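So you can see what is in the structure, the chains are spelled out below.
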Amino acid sequence: MEESSHDFSSPGGRGRQQDLTKAHALLLASYLTRLRYARTMEGLTMTDPRRLVDKLWSYCDVLRDDGVGVIEYTEQLTYLLFLKMAHERATRKLRPQQIVPEEYSWQKLLDAQGDHLELEYTRILNGLARQPGVIGTIFRKAQNRIQDPAKLKRLVVDLIDKENWSGTGTDIKGDAYEELLSKGASDKGSGAGQYFTPRALIQAIVDVIQPTVDDTVVDPACGTGGFLLVASEYAAQGAESMTPTERDKLRDSFVTGFELVDGTARLAAMNLLLHGMGSADGDSLIQVRDSLTADPGQRWSVVLSNPPFGKKSSLTMIGADGREVREDREIERQDFVATTSNKQLNFVQHIMTILDTNGRAAVVLPDNVLFEGGAGETIRRKLLTDFDLHTMLRLPTGIFYAQGVKANVLFFDKRVARPGQPWTERLWVYDLRTNKHFTLKQNPLRRADLEDFVAAYKPGARGEREESERWKPFTYDEITARDKANLDITWLRDESLEDLDNLPSPDVLAREIVEDLTAALEEFEAVATALEEQLARPVE
């Protein structure tokens, strides 16, 4: 609204000021009325993520009878949502933008009837798979899983076309999509749980890492993009005071994700897009490839990751020590300090490489990384010496969809090398595992359960940390004096072993027994692998 150049100091000026003020008030009232009407009309089509999820989810059961699983259904939704949003952008009155070539447009699906719809849908998927950027990532190797034309028509016309997706805030459509991903992760038959990290844990990790717009964030095993989303949301706080350049960076280049599995990568790319990250006609923020195959050359100031669980890597590594571990194929990584087929240990080495000097990392890792000998010991000692391994959060059981997982979060910073003087002075360990009982449904992990850890961490003031019952420091000398620099540190007594009158419920006990047995098998596997590697070494 332009400022008036009238002189309001005279009586006549004050009269004109009153008239203008009334006019401004009427204009403002009219604008607010139109705004309320628009929001009301928008509310008629899309009110909240829960309603939208329920609407989309209800159709999933219909398709189950045709053999379409949860994740496959979410994939089909991803294709159709992208096409519909591109159509909305191409047909809007103000600055229309053609993202998808006309021959592959949403209108082609709306116009197709009967069996021709299925053929047209397949043709569109195949065509878009050859496009560059975000489009190519989302439609890479896309296939039509809905073989019944009538059901496909209902999905296109009734569920997708009736919603105005582009006119909805990113919080609604983004949260609705992420809720679908969560539902897919909880479906045991889908196997998608391995790509899903509890949101409460991600939030707590990001709250202590405190990424800003000055950072660059990467997840080398990004799954559906949870860490990248929360990091972006955190850095976007106070976006109104950012410069246009900073806002562009936050949208277009602040985060990078790597994902090996095509289907998961497409879900991540769409998840970011629906949350306002990246652009539909730009480069993809998600790269579809195996992070472990090579040093990408690029460095990031923040690394946040929960590498996939499962001990064995499908790749064979050759480390700087020259030793080979043969499995499926060999990959040479001279930046790796040790050769191992342990996938998590290789991810630790990879993160040590891609983290920029003075950068900070937080990585979710299973217990075997803490105690495994051989390559594990070599990597831990390297981490303690060349990096500042300052914090470890011991996670409770029962919080991951993957069964039998005992995990931790390692927090470390990369420093300039200083030979003869280790960077880790003391490692602070927070025990959130002992005497804690969580389940995915009855008692899920919540952000409030991690509040004491976040407070104890003292982000930005780590020198002021204070010891407590669950929060203990261990010096570099104490850790390196332990057998194999073992980081599997505990000190609290398990009360369930003593107080038989207050045991957890039977379902929690049963789940914890499964967790313990599975973890024990992992430990035996680690020992067996270490022995095999030792026996395979040539005798000098």
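Keep in mind it's a predicted model, so treat the numbers as computed, not measured.

### Description of the overall build of the protein chain
Within the protein chain one finds 18 helices and 11 strands. Within the protein chain, buried positions represent 49% of all 540 residues.

### A look at the environment of His275
Mapped onto the elements, His275 comes out in the loop between α12 (262-274) and β3 (286-288). With relative accessibility at 14%, the residue His275 sits in the buried group. C-alpha of His275 to C-alpha of Ser232: the two residues are 43 residues apart in sequence and 9.7 Å apart in space.

### Description of the sheet that holds strand β11 (residues 471-475)
Here nine strands make up an open sheet; going across it, the order is β3-β2-β1-β4-β7-β9-β8-β10-β11 and the pairing mixed. Looking at which strands have only one partner, the edges of the open sheet turn out to be β3 and β11. Pairwise comparison of adjacent strand axes, ignoring direction, gives a mean angle of 15° for this sheet. Pairing between strand β7 (residues 355-366) and strand β9 (residues 407-414): seven bridges, direction antiparallel.

### Digging into helix α10 (residues 226-235)
Taken across its 10 residues, α10 has eight buried, putting it largely inside the fold. Within the span of α10, buried status applies to Gly226, Phe227, Leu228, Leu229, Val230, Ala231, Ser232 and Ala235.

### Some remarks on the packing of helix α3 (residues 70-91) against α12
It is the contact of α3 with α12, at a shortest axis distance of 10 Å, that shows an interaxial angle of 45°. When the axis of α3 is compared with that of α12, the two are oblique. Every pair of crossing elements has a handedness; the one defined by α3 and α12 is left-handed. Every residue of α12 that contacts α3 at Ile71, Thr74, Glu75, Thr78, Tyr79, Leu81, Phe82 and Met85 is listed here: Gly263, Arg266, Leu267, Met270, Leu273 and Leu274. The residue inventory of the contact of α3 with α12, partitioned by class, reads nine nonpolar, three polar and two charged.

### Observations concerning the confidence of the model for the protein chain
Looking at the protein chain as a whole, its pLDDT mean stands at 81, while 75% of the residues score no less than 70. Counted against residues more than four places away or in other chains, residues 1-47, with its pLDDT under 50, gives 24 contacts.

### Describing the nonpolar core
Counting 106 residues, the largest nonpolar core has Tyr73, Phe82, Phe139, Ile205, Leu304, Leu393 and Phe411 as its most contacted members. No other element matches α3, which puts 11 residues into this core. Setting aside residues up to four positions removed in sequence, Phe82 forms contacts with Ile99, Val100, Val134, Ile135, Ile138, Phe139, Met270, Leu273 and Ala280. The next biggest cluster of nonpolar side chains, apart from the first, holds 33 residues, and it includes Leu355, Ile379, Leu410 and Leu487.

### Considering the packing of α3 against helix α5 (residues 115-128)
One can describe the packing of α3 onto α5 by two numbers: an axis separation of 12 Å at closest approach and a directional angle of 80°. Classified by the angle their axes make, α3 and α5 are roughly perpendicular. Contact residues: Gln76, Tyr79, Leu80 and Leu83 in α3; Tyr121, Ile124, Leu125 and Leu128 in α5. When grouped by side-chain class, the residues that make up the contact of α3 with α5 number seven nonpolar, one polar and no charged.

### Thoughts on the pairing of β7
Successive residues of a regular strand alternate their side chains across the two faces of the sheet. Burial of β7 is extensive: nine of the 12 residues sit out of reach of the surface. Where strand β4 (residues 300-305) meets β7, five bridges bridge the pair, whose relative direction is parallel. In the strand pairing of β7, Ser305 is matched with Val363.

### Section: unusual backbone geometry
Excluding glycine, residues mostly have negative phi values, and the peptide bonds linking residues are mostly trans. Backbone geometry places Asn358, a non-glycine residue, at a positive phi of 70°. Along the polypeptide, Asn358 turns up in strand β7. By relative accessible area, Asn358 is classed as exposed at 51%. Notably, Asn435 is not glycine yet its phi reads approximately 65°, a positive angle.

### A few points about α5
Given a rise of 1.5 Å per residue, 14 residues ought to cover 20 Å, and the 21 Å separating the end C-alpha atoms of α5 matches this to within 8%. Residues of α5 that are buried: Leu117, Glu118, Glu120, Tyr121, Ile124, Leu125, Gly127 and Leu128. Packing partners of the buried residues in α5 comprise α3, α4 (106-111), α6 (133-139) and α7 (149-160).

### Notes on the pattern of salt bridges
Per the counting criterion, the structure on display carries 23 salt bridges. For Arg266, the salt bridge goes to Glu75, with nearest N and O atoms at 3.1 Å. One end of the pair, Arg266, is in helix α12; the other, Glu75, is in helix α3, with 191 residues separating them in the sequence. Comparing Arg266 with Glu75, the two get one shared label, buried. Residues participating in the shared-partner salt-bridge network are Asp367, Arg394, Arg433 and Asp488.

### What to know about the packing of aromatic side chains
Using the criterion set out here, one finds 12 aromatic pairs in the structure. Centre to centre, the rings of Phe387 and Phe412 are 5.8 Å apart; their planes meet at 90°, and the pair counts as edge-to-face. Placement of the pair is Phe387 in strand β8 (residues 387-394) and Phe412 in strand β9, with a sequence separation of 25 residues. Pair check on accessibility: Phe387 and Phe412 agree, each one buried. Residues Phe474 and Trp491 carry aromatic rings whose centres are separated by 5.9 Å and whose planes lie at 50° to one another, so their mutual orientation is tilted. Of this pair, Phe474 sits in strand β11 while Trp491 sits in the loop between α17 (476-481) and α18 (506-536), placing them 17 residues apart in sequence. By relative accessible area, Trp491 is classed as partly exposed at 25%. An aromatic cluster is built from Phe411, Trp428, Tyr430, Phe453, Tyr457 and Trp471, whose rings are joined through pairwise contacts. Directly above the aromatic system of Trp423 lies the positively charged group of Arg418, at a separation of 3.5 Å from the ring centroid.

The rules behind each value
- Residues numbered from 1 in each chain as written.
- Predicted model: local features only at pLDDT ≥ 70, side-chain atom pairs only at ≥ 80, totals over all residues.
- Heavy atoms only, no water.
- Helix = DSSP H or I, 4+ residues; strand = E, 2+ residues; numbered from the N terminus.
- Buried < 20%, exposed > 50% of the residue type's maximum accessible area, 1.4 Å probe, protein only.
- Pairing = 2+ DSSP bridges.
- Axes fitted to C-alpha atoms, helices over the stretch in contact; angles between N-to-C directions.
- Parallel < 35°, antiparallel > 145°, perpendicular 65-115°, else oblique.
- Left-handed = near helix turned anticlockwise from the far one by under 90°.
- Contact = heavy atoms within 4.5 Å.
- Nonpolar A, V, L, I, M, F, W, Y, C, P; charged D, E, K, R; others polar.
- pLDDT = per-residue confidence, 0-100.
- Core = buried A, V, L, I, M, F, W, Y, C linked by side-chain atoms within 4.5 Å.
- Expected span 1.5 Å × (residues − 1).
- Salt bridge = Lys/Arg side-chain N within 4 Å of Asp/Glu carboxyl O.
- Phe/Tyr/Trp six-rings, centres within 6.5 Å; stacked < 30°, edge-to-face > 60°.
- Lys NZ or Arg CZ within 6 Å of the ring centre and 35° of its normal.

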